[in-house]
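If you want the building blocks of each chain, they are given just below.
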Amino acid sequence: MRLKESLNRYSIYCICFALYAFVAYGCTDQDDLSDDNSISGEMVDTRINILFDFGEEADQAKTRSDNPNAGTESESRLRSLTLFLIDFDSSGSEVPSSIKAYRYTNKLPIYRPDGTRLTNYTAILNATPGKKRLFVAANLSLTQQNDFLSKYVNDKTNAVFTGTVNDFSDTNTNNNGFAMFSNSYVDFTIVASQSTYPASAPGYPFTLYRMVSKVLVTAEGYLQTGGTYMKIGNETYGENGWIRMAEVRYLLNTTNTKVYPYPVMNNLGKRIDPNYQFNTNQLNDFSTIATDSDVATMGKVVALYDANKMPGGVGTTYTDGVYCLENIVNDPGGNNDLTRRNYTTYLRIGARYTPKHLFVVENGVVVRKTYSDELSAQIAISAQSDVVGKRNIYTPTNDSKYYYTYQAMMLSSSLGTFKKYDDGWHYYNTYVGGVKDATTGRLLFDNDGSSLLRNNYYLLNINALDLQNGPLAQCTLSVLPWNKVDTDKWFSTVSAVATAFFPTANYTKAVNPIAIPVSYNVMNTTPAGTDDYNLTFKLTVTGNPGMEWRAVLSNTFDFDFYLDTSKECVKYGTLPASGADANGVVTASYKVAVYAKYPYDGTSRTTNLSFVVDGLRQVVNPDSPANPNAAMPGTTEFIAIKQN
């Protein structure tokens, strides 16, 4: 299999599995990665070659207007890869209960020290030969991985993840990364008898999508002494008051709590959503903002609109925003906005307003005053507030264009009731997308336009705030592909360095500059192996504390591992749980010995020795900043061994 990673316009990773062959290494050992499934048959070690192909776009300029890169490094990093494998029975029917997960959590190195891409890896998994179904996911937490395993048994393609956006975007701890899942699955067959990759093998493309959407709100502003301000309706700048850009905030409201791991279609071929869809009262499928004050205190500050950061611009594109689970809405029609906000993700926006014209109390009388600057108006409001430190203002319920201080409002009871703007904050709602009203500029609800799809980046620009009519936001919407930004070069913290234990067979870089594979000769030996008739390697493994490793032979019919605990000869192990260095990794050394099972009879026999760390086969003795002088510097994953 080959796993290709490319950066296209609509997905974060395009992953292609090329099925060159599944090569069986023989019966699996007790240290294999997963348990037996419900399908009977001999379990075999199966090799899957994985190739991450970054494609052309990652090497081109990031400012191209037709391919804006809107993803950050943390949003795009692969922290783990999970393969879900399901068996078919002899009649060709899927067996959901057989589902197994193969999880790989290495930090996959993207570059070699010379700047060239290192993209080829090999995963080792154990499975029975036969027809399989494969899903691919990335950055799932163990809880999510196990959740999918348990739910697929009963629900199959209707398996559902439950959680909040933080469970899938990991914005708090950044331990798991952004959860991604393949957009589909493939069916293929494992052939146990093949030993080489057939050149004509097909490839299987996957696309991994982040399971969340990203939303950014920008706003057009103008510079004035004291700061940057927003335009208010059709007014000239500062005509009737001021809204500082830094005091315009937004939160997403009514966000989903359920999501399909991968896109699910109905019988009409349209994407569907596992959350409330009008035929039930499951409004607890959504989480909502508690109060408007949350917007003012916890909301994200809008970004200043910059045309050069928008699609078609020439500058670095926007990458900031807030995250939410996708919400695919299928409104049958007839509901108003108040009802739709129960099941449609929308924006709650707060803007703190300081009016220029203000009714205040002077000498016990209510008078209307005009202030030449924002600070003077704020001092007047604070001085006549009912709460110390707050700029509470009020408008008559039947005439919202006139603003009063608290004291002026108390002396104007003849005008009827008043609406309070706590600390000057005005709040309003807008859909993230929809059909733009030609008169007001607001976004009207639309099933397709107001739905939020995973792995999309929504940029909503507020052209102006109309405080007299709602207030209303005059908006324009752009949807960007949420692509990866190709940033820092980094190296794996996992490595396997093997040197011959005895000096007579210790091939160094000076002696063997061609690098691995290196042939080691194994002479006549006894079936059980002895100290004299084997090849013994000192294996040094570096990785995360508690990480498992094991040695693998490609030919277990003619070769095996010489095991002797008293002589510390082993074929698998676990890195210590403590003793990590400043980079969070530990290093430990082991002794691995290989012997030929049968005496030499004139027939040359060969095998390849490789080392699997955390489920992925390692490049042996890789050149790296931490390992500049390793014996046999490696570019492949094998040490070749032969008997002759």
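Residues numbered from 1 in each chain as written. Predicted model: local features only at pLDDT ≥ 70, side-chain atom pairs only at ≥ 80, totals over all residues. Heavy atoms only, no water.

Asker: Explain the pairing of strand S15 (residues 241–253) here, please?
Answerer: Regular strands show a simple pattern: their side chains alternate between the two faces of the sheet. The buried fraction of S15 is high, at ten of 13 residues. Pairing analysis gives nine bridges linking S15 to strand S22 (residues 346–355), with the strands arranged antiparallel. Bridging from a neighbouring strand, asparagine 253 pairs with tyrosine 346 of S22. (Buried < 20%, exposed > 50% of the residue type's maximum accessible area, 1.4 Å probe, protein only. Helix = DSSP H or I, 4+ residues; strand = E, 2+ residues; numbered from the N terminus. Pairing = 2+ DSSP bridges.)

Asker: Even after reading the chapter, I still don't get the nonpolar core, so can you show me in this structure?
Answerer: Burial of nonpolar side chains together is a common tendency in soluble globular proteins. With 45 residues, the main nonpolar core has Met230, Ile243, Tyr250, Leu347 and Ile462 as its most contacted residues. At the level of elements, strand S12 (212–219), strand S14 (227–230), S15, strand S21 (322–325), S22, strand S23 (357–362), helix H6 (374–383) and strand S30 (456–466) are the ones that each hand at least two residues to this core. When residues no more than four places from it in sequence are discounted, the contact partners of leucine 347 are Val215, Val217, Tyr250, Leu251, Leu252, Tyr428, Asn429, Thr430, Val432 and Leu460. (Core = buried A, V, L, I, M, F, W, Y, C linked by side-chain atoms within 4.5 Å. Contact = heavy atoms within 4.5 Å.)

Asker: Explain the side chain of asparagine 461 here, please?
Answerer: Secondary-structure assignment places asparagine 461 in strand S30. Among the polar contacts made by the side chain of asparagine 461, one reaches the side chain of threonine 218 at a distance of 2.8 Å. A polar contact of 3.2 Å, which involves the side chain of asparagine 461, links it to the side chain of glutamate 220. (Polar contact = N/O pair within 3.5 Å; in protein donor to acceptor, adjacent residues only side chain to side chain.)

Asker: Which parts of the structure should I look at to understand the packing of aromatic side chains?
Answerer: In this structure the tally under the stated criterion is 24 aromatic pairs. Aromatic pair phenylalanine 178 and tyrosine 323: ring centres 5.0 Å apart, planes at 70°, arrangement edge-to-face. Highlighted residues: phenylalanine 178 in the loop between helix H3 (165–169) and strand S9 (180–182) and tyrosine 323 in strand S21, separated in sequence by 145 residues. Judged by its relative accessible area of 4%, phenylalanine 178 falls in the buried class. Relative to tyrosine 427, the ring of tryptophan 425 has its centre 6.4 Å away and its plane inclined at 20°; by these criteria the two rings are stacked. (Phe/Tyr/Trp six-rings, centres within 6.5 Å; stacked < 30°, edge-to-face > 60°.)

Asker: Before we go on, may I ask you to explain helix H2 (residues 142–155) in this structure?
Answerer: The periodicity of an α-helix, 3.6 residues per turn, causes residues three or four positions apart to be oriented the same way. With 14 residues, H2 should reach 20 Å at 1.5 Å per residue; the first-to-last C-alpha distance of 19 Å fits that figure. Within the sequence span of H2, burial applies to Gln144, Gln145, Asp147, Phe148, Leu149 and Tyr152. Looking at the packing, one finds that the buried side of H2 touches strand S4 (81–88), strand S5 (94–104), strand S7 (130–138), strand S8 (161–162), H3 and S9. Following H2 by one or two positions, lysine 156 adopts a phi angle in the positive range, close to 50°. (Expected span 1.5 Å × (residues − 1).)

Asker: It is not clear to me how the pattern of salt bridges should be interpreted in this structure. Could you clarify?
Answerer: Once their charged atoms are close, side chains differing in charge can pair, the charge on each being opposite to the other. Scanning all chains against the criterion turns up 23 salt bridges. Residue aspartate 187 is joined to arginine 133 by a salt bridge in which the shortest nitrogen-to-oxygen separation is 2.7 Å. One end of the pair, aspartate 187, is in strand S10 (residues 186–190); the other, arginine 133, is in strand S7, and 54 residues separate them in sequence. By relative accessible area, arginine 133 is classed as buried at 11%. When the shortest N-O distance is used, the salt bridge between arginine 352 and glutamate 247 registers 3.1 Å. Taken together, the residues span a long stretch of sequence, with arginine 352 in strand S22 and glutamate 247 in strand S15 at a distance of 105 residues. Residue arginine 352 shares its accessibility class with glutamate 247, and that shared class is buried. Within the structure, one salt-bridge network assembled from shared partners comprises Glu94, Arg133, Lys156 and Asp187. (Salt bridge = Lys/Arg side-chain N within 4 Å of Asp/Glu carboxyl O.)

Structural measurements only, silent on function.
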